[in-house]
Structure formats: structure tokens, C-alpha cells
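Now for the letters of each chain:
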Amino acid sequence: MSLTRRTLLGSSLGVTALAASASAQSRLNVGFILIGPVGDFGWSNMHDQGRRRMLEVLGDRATATLVESVAPPDFDRVATQLVRTGSRLIFTTSFSYFQPTVRIAPQHPSVMFENATGTSILPNLSIYNARFYEGRYVQGVIAARKSRSRTIGYVATFPVPEVIHAINTVMRGAWSVDPAMKIRVVWVNAWSNPGREADAARALIDQGCDVLCSHTDGPAPLQLAEQRGVLGFGQSSDMTRFAPRAHLTSNVNNWGDYYAARASAVLDGTWRPGDVWEGLNSGMFRLAPFTNMTPEEVSEATRIRDALAAGTLHPFDGPIVRQDGTQVIAAGQRLTDDQIRAQNYFYQGIDISMP
């Protein structure tokens, strides 16, 4: 797996010396701050699985301290405590932690921080993420094949760029099949709140959505889809077992190899701050097996998935047009990574206004 996409900050900033000093110690203590509970069966659970994989790879070279369900107002206290108890590498696993990590990292220059998602790096702060939008594009294609109402429901967390560009990517995939497709969105305003997630799914189904996507951290929307006899996609882990008659596929996260590599880099003195954004071809995430689909639908979804992984299909090729008809880019152009991560607009066909 390639661990860097953007030019790294050089040793003139002192990172080499910091990492070399850290490597002189025999065992690395790694901290993990999770936005939700490890029992969410989704986002936070998969970060915990990544922690376990890291420890399996590194053996007695590393220990780990994990703090789950940390609300953003409590972040500084938890991060400071991890530093005080000896963590020299800390993974902060939510977009909601990015600005707090940017604020706190310079206060602890001998500690390496890694934030899951984000927009910039510092001498001792990396950002990392997977190109989940590739999986979202495949979901859009599948949803367009499955939906009789031509209306997809999207249970969304917060109107931040990573959620906005995910919704837009589902729309692109759906429109590649049927330009009459629509998406309706309900905001939950939480990363993990099963009650709100189920209420949002219920509202979308009542509005005529017969395929559900979810950006929240657990299986509640998919379970509601199962109860109501509609179809849906899981999030972060393979959620087939939670809704065997409704589940179509899920983005399945794999953080363990990355965590092991980054911890090893601290131990051997080669850690550098980086901007990592890997896709289906990297192993950082995959799509769960396709279920409740015809052989023809599976064949099409597999072909689209493989084209995305090979780089022969890109969800952000032009033309791209906003809801109001304004063109973002023309045919023959492609959004840059920075443009994708800064999206603050919806595409045509998405039935919601920007908050």
C-alpha cells in the first residue's frame, strides 16, 4: 500500500529527529480516540479491529490505549491524558476531531498524531482516509437498478464535505443508469445515534424511498429497511447479518495494515506526516459480497467496481452540474482531490438544500 499521496514535510521541521528519538524506546504506546462505541458494528468497531490487527503485527513492540465514545467537547481532555500516560502515536478517528487535533498537535511536538479524514497536515499530524466514494458510486448503480420509485434515501450525519461528496457520488452512479433517479436526504446530526438513524430511515421510506444509503456508524437504517421490506446498503463493515433480506453490499473498512505500518514507522524512525487517501485498489477498503441481486446485476456491479479500482472509471469526471444548473466543470475535466474534499454543493437530482 502506498502510504503517501502528497509531498511530505521535510526533516527541516524536526520530524526526523522526533521520530528517531521515539524509536530509541523499546515499546510504542499507541492511543486511539473513537467517536462512537466499539460495539456500533460499524465505523468505530472497524477502527478497533484495526487496533487489534496492529497489535497482532507488532507483537510486544507496541501497546495500545483506546478511549471510545469521546464527544468533541471532551477531545482535548482525552488527548492530553493519552499524552501524559505515554502515548507517542495517537489516532483520532473522526472528521469531528480534525480541528481539535490541529489545535492540540503543536502543543505536543514529540507526539505523532494521525486524524481519520481532514484537509491539511502539520509537522506531527498526518491525515488518512479511504476513497469510500468509489464504493458509493457502485451503490448508486445498484440502487438505480433496484429502485422502482426511482428515489434513493440517504441517512446523513452532518453537512460536511466528506458526506456531501458521498451523496453526490451516489447520484452520479445512479444517473449513469437512469437520469430520472432522485435522492432524498435526512440529516441525523450525529455520527452514531441508532434511534435517530432509524427515525431518519423511517421518514425516507414514508417519502417513497425504496433503497436506503447510510453514512452513520451502525446498522439501524439497514435494520429498518429490513422491517419495512425495502433494500439498503451497510456502512463500514459487512452488515449482511443484520438485514439478510435487505442488504445489497457495504463498504468494508480495513485500517489495520495502515495502523501497523504507521506504528512501525514511528518505531524505526521513518514516520513522516502525510496525506493518505487510498481507494479500492489499495486494500484500505473493499465492497462486501453482493447480495439480493440478480446475476446480471452482480456482473454489472463487479464490472463497475473493477473499473474504479483500475482507474479507468472516475466518479468526478465532467460534466458536473450543481442543483441550480451552474456548471462546475465541463466534459473532459476532472475534479482535483482538493476540490472533491471541499465540496459544499449538491448535484442535480438531489432533493435537499444546503443547510
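Look up: the structure comes first, before these words.
About the thresholds
- Residues numbered from 1 in each chain as written.
- Predicted model: local features only at pLDDT ≥ 70, side-chain atom pairs only at ≥ 80, totals over all residues.
- Heavy atoms only, no water.
- Salt bridge = Lys/Arg side-chain N within 4 Å of Asp/Glu carboxyl O.
- Helix = DSSP H or I, 4+ residues; strand = E, 2+ residues; numbered from the N terminus.
- Phe/Tyr/Trp six-rings, centres within 6.5 Å; stacked < 30°, edge-to-face > 60°.
- Buried < 20%, exposed > 50% of the residue type's maximum accessible area, 1.4 Å probe, protein only.
- Lys NZ or Arg CZ within 6 Å of the ring centre and 35° of its normal.
- Polar contact = N/O pair within 3.5 Å; in protein donor to acceptor, adjacent residues only side chain to side chain.
- Pairing = 2+ DSSP bridges.
- Right-handed = clockwise from strand over helix to strand, strands pointing away.
- Axes fitted to C-alpha atoms, helices over the stretch in contact; angles between N-to-C directions.
- Parallel < 35°, antiparallel > 145°, perpendicular 65-115°, else oblique.
- Left-handed = near helix turned anticlockwise from the far one by under 90°.
- Contact = heavy atoms within 4.5 Å.
- Nonpolar A, V, L, I, M, F, W, Y, C, P; charged D, E, K, R; others polar.
- Expected span 1.5 Å × (residues − 1).
- Core = buried A, V, L, I, M, F, W, Y, C linked by side-chain atoms within 4.5 Å.

> When you look at the pattern of salt bridges in this model, what are you seeing that I'm missing?
Tallied over the entire structure, the rule returns 18 salt bridges. Among the salt bridges present, the one from lysine 146 reaches glutamate 297, with a minimum N-O distance of 2.9 Å. Within this pair, whereas lysine 146 is found in helix H5 (residues 133–146), its partner glutamate 297 is found in helix H10 (residues 295–310), the two being separated by 151 residues in sequence. The closest approach of N and O atoms between arginine 228 and aspartate 206, which form a salt bridge, is 2.7 Å.

> I would appreciate a short explanation of the packing of aromatic side chains in the present structure.
Ring pairs (aromatic) are described by centroid distance and by the angle formed between their planes. As enumerated under the stated definition, the model contains 19 aromatic pairs in all. Plain terms: the ring middles of tyrosine 128 and tyrosine 258 are 4.9 Å apart, the flat faces sit at 25 degrees to each other, and that makes the pair stacked. Of the two residues, tyrosine 128 sits in strand S5 (residues 125–130) while tyrosine 258 sits in helix H9 (residues 256–268), which places them 130 residues apart along the sequence. The class of tyrosine 128 is buried, set by a relative accessible area of 1%. You can call tyrosine 258 buried: its relative accessible area is 0%. Through pairs of rings, three or more aromatic residues link up here, namely Phe32, Trp43, Phe91, Tyr128, Phe132, Trp255, Tyr258, Tyr259 and Phe285. The ring of tyrosine 345 has arginine 322 lying over it, and the distance from NZ or CZ to the ring centre is 4.3 Å.

> Before we go on, may I ask you to explain the environment of arginine 145 in this structure?
Position of arginine 145 among the secondary structure elements: in helix H5. On the accessibility criterion, arginine 145 (44% relative accessible area) is partly exposed. Along the sequence, arginine 145 and methionine 293 sit 148 residues apart, while their C-alpha atoms lie 9.5 Å from each other. Of the polar contacts made by the side chain of arginine 145, one reaches the side chain of glutamate 300; its length is 2.7 Å.

> How should the pairing of strand S1 (residues 28–33) be read in this particular structure?
Regular strands place side chains that alternate from one sheet face to the opposite one. Taking burial as the measure, the six residues of S1 include six buried ones, the bulk of the element. With burial as the criterion, each face of S1 is covered, one bearing Leu28, Val30 and Phe32 and the other bearing Asn29, Gly31 and Ile33. In the sheet, S1 pairs with strand S2 (residues 62–67) via six bridges, with the strands oriented parallel. From the neighbouring strand, phenylalanine 32 faces S2, where its bridge partner is leucine 66. Handedness of the β-α-β unit built from S1, helix H2 (residues 43–58) and S2 comes out right-handed.

> In this structure, what is going on with the packing of H2 against H9? I would like to understand it.
Two packed helices can be described by the angle between their axes and the distance between those axes. Put simply, H2 and H9 touch, their axes get as near as 7 Å, and they point 50 degrees apart. Taken together, the axis directions place H2 and H9 in an arrangement best described as oblique. The element H2 and its partner H9 pack so that their crossing is right-handed. Contacts between H2 and H9 involve His47, Gly50, Arg51, Arg53, Met54, Val57 and Leu58 from the first element and Gly256, Asp257, Tyr259, Ala260, Ala263, Ser264 and Leu267 from the second. Here the contact of H2 with H9 is composed, by residue class, of seven nonpolar, four polar and three charged.

> I keep staring at H9 and nothing clicks. Help me out?
Residue pairs spaced three or four apart in an α-helix point in one direction, given the helix's 3.6 residues per turn. Counted at 1.5 Å a residue, the expected span for H9 with its 13 residues is 18 Å, and the 18 Å between its end C-alpha atoms agrees. The buried fraction of H9 amounts to ten of the 13 residues, a majority that puts the element mostly inside the structure. Within H9 the residues assigned to the buried category are Gly256, Tyr258, Tyr259, Ala260, Arg262, Ala263, Ser264, Ala265, Val266 and Leu267. After H9 finishes, the residue glycine 269 shows a positive phi value of roughly 80 degrees.

> Explain the sheet that holds strand S6 (residues 151–156) to me, please; I cannot follow it from the model alone.
In sheet architecture, strand pairing relies on hydrogen bonds along the backbone and comes in two forms, parallel and antiparallel. Taken together, the six strands give an open sheet; going across it, the order is S7-S6-S8-S9-S10-S12, and neighbouring strands pair in mixed fashion. The open sheet has two edge strands, strand S7 (182–187) and strand S12 (285–287), and neither has a second partner. Taken over all neighbouring pairs, the strand axes of this sheet differ in orientation by 15 degrees on average, direction set aside. Of the pairings in the sheet, the one linking strand S8 (residues 211–214) to strand S9 (residues 231–236) comprises two bridges and is parallel in character.

> What should I look at first to understand the nonpolar core in this one?
As a rule of thumb, nonpolar side chains are buried together in soluble globular proteins. Counting residues in each nonpolar core, the largest one holds 93 residues, and the members touching the most others are Ile33, Leu89, Tyr154, Ile167, Ile183, Val185 and Ile350. For leucine 89, the residues in contact, after removing those within four places along its chain, are Leu28, Asn29, Val30, Gly31, Val111, Met112, Glu114, Arg262, Ala263, Val266 and Trp271. Formed by 18 residues, the second largest nonpolar core is a distinct cluster that contains Ala201, Leu212, Val230 and Met239.

> Help me understand the side chain of arginine 51 in this model?
Here arginine 51 is to be found in helix H2. Those residues in contact with arginine 51 that sit more than four places away from it in its chain are Phe32, Ala64, Leu66 and Tyr259.

> Where do I start with the sheet that holds S1 in this structure?
Taken in spatial order, the six strands line up as S2-S1-S3-S4-S5-S11 in an open sheet, and their pairing is parallel. Looking at strand neighbours, the two that pair on one side only are S2 and strand S11 (275–278), the edges of this open sheet. Put simply, the sheet's adjacent strands are angled 15 degrees from each other on average, direction ignored. Relative to strand S4 (residues 112–116), strand S3 (residues 89–92) runs parallel, the two sharing four bridges. Bridged to leucine 89 within S4 is methionine 112. Against the sheet, H2 touches S1, S2, S4 and S5, its axis set at about 165 degrees to S2. The sheet strands contacting helix H3 (residues 75–84) are S1, S2, S3 and S4, and the helix crosses S1 at an angle near 170 degrees.

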